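Letter by letter, the chains look like this.
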Amino acid sequence: MSGPLMNVEDLRVAYRAGRRKVEAVKGVSFEVGRGKCLGVVGESGSGKSSLARAVLGLEAEVSGRVEFDGQDVLSLKRAGRLAFRRRAQMVFQDPIGSLNPRMKAGAALAEVLRVHGLAKTRAEAAAQAAHWLETVGMDAAYAGRFPHELSGGQRQRVNLARALCVGAEFLVADEPVSALDVSVQAQILNLLKSLQENRGITWMLIGHDLAVMRHMADDVIVMKAGEVVERGPAADVLSRPAHPYTRELLASAPNVARALERRSRRGTV
Amino acid sequence: MKPADSNGRVKGGADAVLTASGLGVGFFPEGKARLEVVGEVDLCLRPGRTTALVGESGCGKSITAASLGGLLPRGMALDRGEIRWAAGAECRPGRGLAYVFQDPGECLDPVFTIGSQIREVLPKEERGGAGERMSALLRTVGFEDPARVLASYPHQLSGGMQQRAMLALALAGRPRVLVADEPTTALDVTVQAKILRLLAELQRQENLAVLLITHNLGVVAEIADEVHVMYAGRVVESGPVELLRNPRHPYVKGLLKALPRLDGADSRLEGIEGSVPPLGRRPAGCRFHPRCPLARAVCQEREPEMRRRGEEGAVACWACGEGGWA
Ligand SMILES: Nc1ncnc2c1ncn2[C@@H]1O[C@H](COP(=O)(O)OP(=O)(O)OP(=O)(O)O)[C@@H](O)[C@H]1O
Ligand code: SF4
Ligand SMILES: [Mg+2]
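Only a predicted model underlies this, so the values are computations on that prediction, with no experimental measurement involved.

Scoring rules and cut-offs
- Residues numbered from 1 in each chain as written.
- Chains lettered and ligands numbered in written order.
- Predicted model: local features only at pLDDT ≥ 70, side-chain atom pairs only at ≥ 80, totals over all residues.
- Heavy atoms only, no water.
- Core = buried A, V, L, I, M, F, W, Y, C linked by side-chain atoms within 4.5 Å.
- Buried < 20%, exposed > 50% of the residue type's maximum accessible area, 1.4 Å probe, protein only.
- Axes fitted to C-alpha atoms, helices over the stretch in contact; angles between N-to-C directions.
- Helix = DSSP H or I, 4+ residues; strand = E, 2+ residues; numbered from the N terminus.
- Parallel < 35°, antiparallel > 145°, perpendicular 65-115°, else oblique.
- Left-handed = near helix turned anticlockwise from the far one by under 90°.
- Contact = heavy atoms within 4.5 Å.
- Buried area = accessible area lost by both parts, 1.4 Å probe.
- Salt bridge = Lys/Arg side-chain N within 4 Å of Asp/Glu carboxyl O.
- Polar contact = N/O pair within 3.5 Å; in protein donor to acceptor, adjacent residues only side chain to side chain.
- Domains from an automatic or database assignment.
- Nonpolar A, V, L, I, M, F, W, Y, C, P; charged D, E, K, R; others polar.
- Phe/Tyr/Trp six-rings, centres within 6.5 Å; stacked < 30°, edge-to-face > 60°.
- 1 Å grid on protein atoms, 1.4 Å probe; cavity = no way out; pocket = protein on both sides within 12 Å on 5 of 7 lines; lining within 4 Å.
- Points joined across faces, edges and corners; volume = space filled by probe spheres on them.
- Pairing = 2+ DSSP bridges.
- Near = heavy atom within 4 Å.
- Areas by Shrake-Rupley, 256 points an atom, 1.4 Å probe, with all protein chains shown as cover.

Caption draft 1: Looking closely at the nonpolar core. One finds L171 and W203 of chain A together with I118, V141, L178 and L244 of chain B to be the most contacted residues of the largest nonpolar core, which totals 120 residues. By size, the runner-up hydrophobic cluster in this structure holds 30 residues, among which are L23, V41, L68 and M230 of chain B.

This is how it looks when you write it as structure tokens:
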């Protein structure tokens, strides 16, 4: 094991709108080191979700190079693609949309385990499902609950368990906490961080909340209109941004301490 | 914020345009007993001031806001407390009171142009010179090319522009109170910053009383003058916005600690254990007690009332203040 886990070069993603071809990602390059978290920051339409799907091989019109652990993702054959799907997974913003409403949490995990041939018997699958629920901080008793009987945070935990249980090492999380309440968001962010620290999970975290990025990411890339406008260690980029766009993002982020400070200087509180 | 009296009730100042005291909304599921959605809410909205209602999902912010204008969903009723309007202010959506929402689709009709929708809500006496007033309105909300926007249908505008158009529509009836329910939640941060600046400016220019509903404490700190933090249907702490520097209530403290910091000076966040209880499963006593690190026996038995906090504001917590342990 050496070199970055994910290496992306000159990636382009296009969509067809009628006869027109629209480029959503316009030649983006980056790497994600093993056990690191790369933050992808940008506003709506900047191409960050297209980028996320493309590195997992889920976009049709892609050019450039995506290398995962030395393998070329874009030209994988069937068997290789299955193995890649296990090792690299997506986690979505809206966990309710990505869970089957008629399947209890435990059954959902058990099904994934059996599809991937990781549990032979029902009992084995159930035992493993319970183990993974506990790994993401849930009591195993929640295995018996349907998605609508779980809170938003619990559903996001089940979602993470589902990705982890098949042995994912690389998780692409698209706004994983933006639908959650602040108090619950903190629990999930702590969980994501402990998965990175204790299990060596490598993350690509897509989001717009700069404070969340500052908290989670080792490195960040800032995207605008399909291109990377700034990159570097999160601590540098988000405290001393060089690009005017990053500066604008940072200045626009609503922040309690900073806002009160500024207003008391101006005498408007 | 007016000084609260000894039992924490906010006194309606002479300058208040709307004073609500002890507001309560009940939900009446078919064939079942009344469920309280929100209760004991006191509000005092004054011209040129922004009052924020903040809290996590389901705490009752939107229902409180909707109750002021008679916009409650079916099955709910405003059946506790009272609302007083200043003389001359009408309590009617579209006139004395205007709303803007997170989703412009709730206000803007997709089949009419922006212009024809605004004309519709102009006060009768202004319909004559409507063109000019409408252009002025659109300039007020930051459009440089009013004619084009007036002729546009909502889908021809970006999210931020729709939000501005909705604001123009809300202002057309010359309201005295503007209720903004998560007005920037769906927007990109740079657009959000612009809309917030605009709201603050309008509030000053038009001398509006603004009730801002949001789950984002940062947004509150940016533009609110007063803040009420809600939890599970109750206001738990209220006062001037500076209270966010140094809140008293364990829930409010917890919320602030749960926020990641822009300076990155936190390796572990302190979340609040558990999650917000759904309607119908709100605990007895202090509603926060199952999640509160300071809870004692009394918290499970008796509900704390809003008690005065220093000169201004109030907090509902047995641990705070005289005889408390925090
Ligand atoms: N139409 C409805 N019928 C029944 N219950 C409802 C309805 N609308 C809201 N509720 C319930 O009333 C309570 C208060 O809801 P409200 O919409 O005011 O919350 P909120 O604080 O605005 O939350 P959010 O941040 O999610 O918008 C919640 O428990 C909610 O589930
Ligand atoms: S009353 Fe008790 S449980 Fe409620 S917030 Fe105060 S200390 Fe915590
Ligand atoms: Mg709401």
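Read on, since the account is not over.
Caption draft 2: Region of interest: the packing of helix α5 (residues 159-172) of chain B against helix α6 (residues 189-205) of chain B. Residues and elements named next belong to chain B. Orientation of α5 relative to α6, taken along the N-to-C sense of each, is 15°, at an axis distance of 10 Å. Taken together, the axis directions place α5 and α6 in an arrangement best described as roughly parallel. When you trace α5 past α6, the crossing you get is right-handed. For the pair formed by α5 and α6, the contact residues are G160, Q163, R164, L167 and L171 on the first element and V191, K194, I195, L198, L199 and L202 on the second.

Caption draft 3: Quick peek at the interface of chain B and chain A. At the junction of the two partners, chain B supplies 44 residues and chain A supplies 38 residues. Here chain B meets chain A over a buried area of about 3200 Å², counting both sides, of which 55% is carbon and sulfur. Where chain B touches chain A, the interface holds 3 salt bridges. Across the salt bridge formed by E222 of chain B and R262 of chain A, the nearest N and O atoms sit 2.4 Å from each other. The interface formed by chain B and chain A holds 15 residue pairs in polar contact (both at pLDDT 80 or more) in total. Breaking the side of chain B that touches chain A down by element, the ones donating at least two residues are α6, α7 (217-223) and α8 (250-258) of chain B. With 7 residues, the top contributor of residues to the side of chain B that touches chain A is α7 of chain B.

Caption draft 4: Quick look at the environment of A224 of chain B. Looking at where A224 of chain B falls in the secondary structure, it is placed in the loop between α7 and β8 (226-231). Judged by its relative accessible area of 0%, A224 of chain B falls in the buried class. When residues no more than four places from it in sequence are discounted, the contact partners of A224 of chain B are R263 of chain A together with T50, A52 and V241 of chain B.

Caption draft 5: Looking closely at the domain arrangement of chain B. Residues and elements named next belong to chain B. Taken domain by domain, chain B comprises domain 1 (1-96 + 177-188 + 199-326) and domain 2 (103-172). In this structure, domain 1 and domain 2 have C-alpha centres spaced 31 Å apart. Carbon and sulfur atoms supply 69% of the area that domain 1 and domain 2 bury against each other, a total of about 710 Å² over both sides. Looking at the side of domain 1 that touches domain 2 element by element, the count peaks at 3 residues for α6. Taken together, the residues that form the side of domain 1 that touches domain 2 break down as 6 nonpolar, 1 polar and 2 charged.

Caption draft 6: Spotlight on the packing of aromatic side chains. All names here are of chain B. Inspection of the entire model under this criterion finds 6 aromatic pairs over all chains. Between Y231 and F288, the aromatic rings sit 5.2 Å apart at their centres with planes inclined by 80°, giving edge-to-face as the arrangement. Of the two residues, Y231 is situated in strand β8 and F288 in the loop between α8 and α9 (297-301); the sequence distance between them amounts to 57 residues. Overall, the relative accessible area of 2% leaves Y231 in the buried class. In this structure F288 comes out as buried when scored by relative accessible area, which is 2%. When the centroid spacing of 5.2 Å and the interplanar angle of 65° are considered together, the rings of Y251 and F288 count as edge-to-face. A residue pair is termed long-range when its members are at least 10 positions apart, and Y251 in helix α8 and F288 in the loop between α8 and α9 qualify at 37 residues. A residue is classified by how much of its surface remains accessible, and Y251, at 0% relative accessible area, is buried.

Caption draft 7: Examining the layout of surface pockets more closely. Roughly 530 Å³ of internal volume is contained in the second largest pocket. Going through the elements one at a time, α10 (244-252) and α11 (256-266) of chain A together with α6 and α7 of chain B are the ones with two or more residues in the lining of the second largest pocket. Counting residues per element, the lining of the second largest pocket draws most heavily on α6 of chain B, which supplies 7 residues. Residue classes in the lining of the second largest pocket are distributed as 7 nonpolar, 4 polar and 10 charged.

Caption draft 8: The arrangement of the sheet that holds β8 of chain B in detail. Residues and elements named next belong to chain B. Spatially, the 8 strands line up as an open sheet ordered β5-β6-β7-β3-β8-β9-β11-β10, and their pairing is mixed. Since the sheet does not close on itself, it has two edges, and those belong to β5 (97-101) and β10 (307-308), each with one partner. Strands β5 and β6 (177-181) of the sheet are contacted by α5, whose axis makes an angle of about 170° with β5.

Caption draft 9: Local environment of the site of ligand 1. Residues and elements named next belong to chain B. If you check the shell around ligand 1, you find 14 residues, and the closest are S57, G58, K61, S62 and I63. At a separation of 3.0 Å, an oxygen atom of ligand 1 approaches a polar backbone atom of G60. A distance of 2.8 Å is found between an oxygen atom of ligand 1 and a side-chain nitrogen or oxygen belonging to K61. For ligand 1, whose unbound accessible area comes to 640 Å², protein coverage reaches 65%. Of all the elements, helix α1 (residues 61-68) adds the most residues to the shell around ligand 1, at 3 residues. Its residues assigned to classes, the shell around ligand 1 comprises 7 nonpolar, 4 polar and 3 charged.

Caption draft 10: The arrangement of empty space enclosed by the protein in detail. Residues and elements named next belong to chain B. Counted by the stated rule, this structure contains 3 cavities of 30 Å³ or more. In terms of lining residues, the largest cavity is bounded by 13 residues, among which P250, C286, C292, C299 and C317 are the most central. Considering only residue class, the lining of the largest cavity consists of 11 nonpolar, 2 polar and no charged.

Caption draft 11: Structural detail: the packing of α10 of chain A against α6 of chain B. With their axes 8 Å apart at the nearest point, α10 of chain A and α6 of chain B run at an angle of 50° to one another. When the axes of α10 of chain A and α6 of chain B are compared, the pair comes out oblique. Taken as a pair, α10 of chain A and α6 of chain B cross one another with a handedness that is left-handed. Contacts from E248, L249 and S252 of chain A of α10 of chain A reach α6 of chain B at V189, T190, A193 and K194 of chain B. Per-class residue counts for the contact of α10 of chain A with α6 of chain B are 3 nonpolar, 2 polar and 2 charged.

Caption draft 12: Up close: the environment of D266 of chain B. Looking at where D266 of chain B falls in the secondary structure, it is placed in the loop between α8 and α9. Overall, D266 of chain B belongs to the buried group, its relative accessible area being 12%. With sequence-adjacent residues up to four places away left out, D266 of chain B is seen in contact with H215 of chain A together with L259, P260 and R261 of chain B.

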